[in-house]
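Structural features, examined
Listed here are the chains, written in short residue letters.
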Amino acid sequence: FRIGSVAVEHDVALVKAMGVKLILNTEVESIQSLFDQGFTHVILAVGAWKNGALNLQYGQAMNVISFLEACKKCPEALELGKHVAVIGGGAAGLMAALFAARGGAKVTLLERNEKLGKKIYITGKGRCNLTNACEREEFMRHILRNPRFLYAALAALDNFDTMELMESLGLPLKTERGERVFPASDKASDVTGTLARELARLGVTVRLNARVSRLLTEDGRAAGVLLENGEAVRADAVILATGGFSY
């Protein structure tokens, strides 16, 4: 009920085409029964924000994987082993490049402006209102249009996860009136700088003043991008994170 029927039908058709077998109207009473059928791993994906409490034996075994925890622990749980091109060096592009690189991908980030995070610099009147420290239910109440759209995103990385990430990267934070979170330095540039340093540590290739003219496709799949100067940047996957039209 959280996703429109058209999107569901599209995704169901996609996973079927990939060879996934769907078994409906089936209640799992024992994880051991799945192992007995020949499965070597079990992924639990039974909840929206967090996995429901399942009273199933072996639920904490190493090869019984919580899908949401796998999303939160992308560096450890995912090994992409691909070359990923990220189009856009704003907040979304920086985070996408970071987690793709932590997941094992070789990443090239393409930003058409002369510096990364250009819109980050103007948020919070130059201080960068990074997020809000209120509880998730309160957070969702302040999203005016279709808050359910963010369920999956917040399940993978919510506001507290974001704060923990930034502090783990060496950026001190502070919380002000209304639970608004800012860098302790009051400098939006420190947010961009923190993410940029982590990308450099992870070996991400950052290319500024790189304007993408179109996607390259092969056999119906993205195969990279073509820059305005005619250069082709090959990739196994392309992440679009181009934001709005402010710049």
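Residues numbered from 1 in each chain as written. Predicted model: local features only at pLDDT ≥ 70, side-chain atom pairs only at ≥ 80, totals over all residues. Heavy atoms only, no water.

**A word on the sheet that holds strand β6 (residues 173-176)**
Put simply, the rule reads: Here the rule is simple: two strands pair whenever DSSP picks up at least two bridges between them. Put simply, DSSP marks the helices as runs of H or I at least four residues long and the strands as runs of E at least two long, and each gets a number from the N terminus on.
The antiparallel open sheet is built from 3 strands, whose spatial order is β5-β7-β6. Two strands lie at the open edges of the sheet, namely β5 (131-132) and β6, each paired on one side alone. Examined bridge by bridge, β6 and strand β7 (residues 180-183) share 4 bridges and lie antiparallel to one another. What sits directly across from Glu176, in β7, is Arg180.

**What to know about the confidence of the model for the protein**
Test applied: Note: pLDDT gives the predictor's confidence per residue, expressed from 0 to 100. Residues are treated as being in contact if the distance between any of their heavy atoms lies within 4.5 Å.
On average, the protein scores 82 in pLDDT, and the residues at 70 or more come to 81%. Across the protein, the element-wise mean pLDDT spans from 45 in helix α4 (residues 74-77) up to 97 in strand β8 (residues 205-207). The low-confidence segment residues 48-68, where pLDDT is below 50, has 51 contacts with residues more than four positions distant or belonging to other chains. The low-confidence segment residues 75-81 (pLDDT under 50) makes 10 contacts with residues lying over four places distant or belonging to another chain.

**Re the packing of aromatic side chains**
Cut-off, in case you're wondering: Only Phe, Tyr and Trp rings take part, Trp by its six-membered ring, and two of them pair if their centres are within 6.5 Å. Stacked means planes under 30 degrees apart, edge-to-face means over 60, and tilted covers everything else. Two limits define a charge over a ring: the Lys NZ or Arg CZ must be within 6 Å of the ring centre, and within 35 degrees of the ring normal.
Taken as a whole and judged by the stated rule, the model has 0 aromatic pairs. Positioned over the ring face of Phe99 is Arg102, at 6.0 Å from the centre of the ring. Here the basic side chain of Arg127 rests over the ring of Phe182, its NZ or CZ set 3.8 Å away from the ring centre.

**Focus on the environment of Leu116**
In this structure, Leu116 sits in the loop between β4 (106-110) and β5. What Leu116 contacts, discounting residues up to four positions off in sequence, is Gly89, Leu94, Leu109, Glu111, Tyr121, Thr192, Ala196, Val206 and Leu208.

**A look at the sheet that holds strand β10 (residues 221-227)**
Note the cut-off: The convention used is that axes are lines fitted to C-alpha atoms, helices contributing only their stretch in contact, and that angles between N-to-C directions extend from 0 to 180 degrees.
The strand order β9-β10-β11 describes an open sheet built from 3 strands, whose pairing is antiparallel. Strands with a single pairing partner mark the edges of an open sheet, and in this sheet they are β9 (212-218) and β11 (232-234). If you compare each strand with its neighbour and ignore which way they point, the axes differ by 30 degrees on average. Pairing of β9 with β10 involves 6 bridges; the strand directions are antiparallel. Bridge pairing links Leu216 to Gly224 in β10.

**Let's talk about a nonpolar patch on the surface**
Basically, it comes down to this: Patch construction takes residues with relative accessible area above 30% that form no salt bridge. Like charges are linked within 9 Å, and nonpolar side chains (Val, Leu, Ile, Met, Phe, Trp, Tyr) are linked within 5 Å. In these tables, accessible area is a Shrake-Rupley quantity obtained with a 1.4 Å probe, and a residue counts as shielded only by the protein chains included in the view. Any carboxyl oxygen of Asp or Glu within 4 Å of a side-chain nitrogen of Lys or Arg constitutes a salt bridge here. Working definition: with a 1.4 Å probe on protein chains only, accessible area under 20% of the residue-type maximum means buried, over 50% means exposed, and in between means partly exposed.
Taken together, Val8, Val12, Leu14, Met18, Val20, Leu22 and Leu24 make up a surface patch of nonpolar side chains, about 640 Å² in accessible area. Mapped onto the fold, Val12 is located in helix α1 (residues 5-17). Residue Val12 is classed as partly exposed on the basis of its relative accessible area of 31%.

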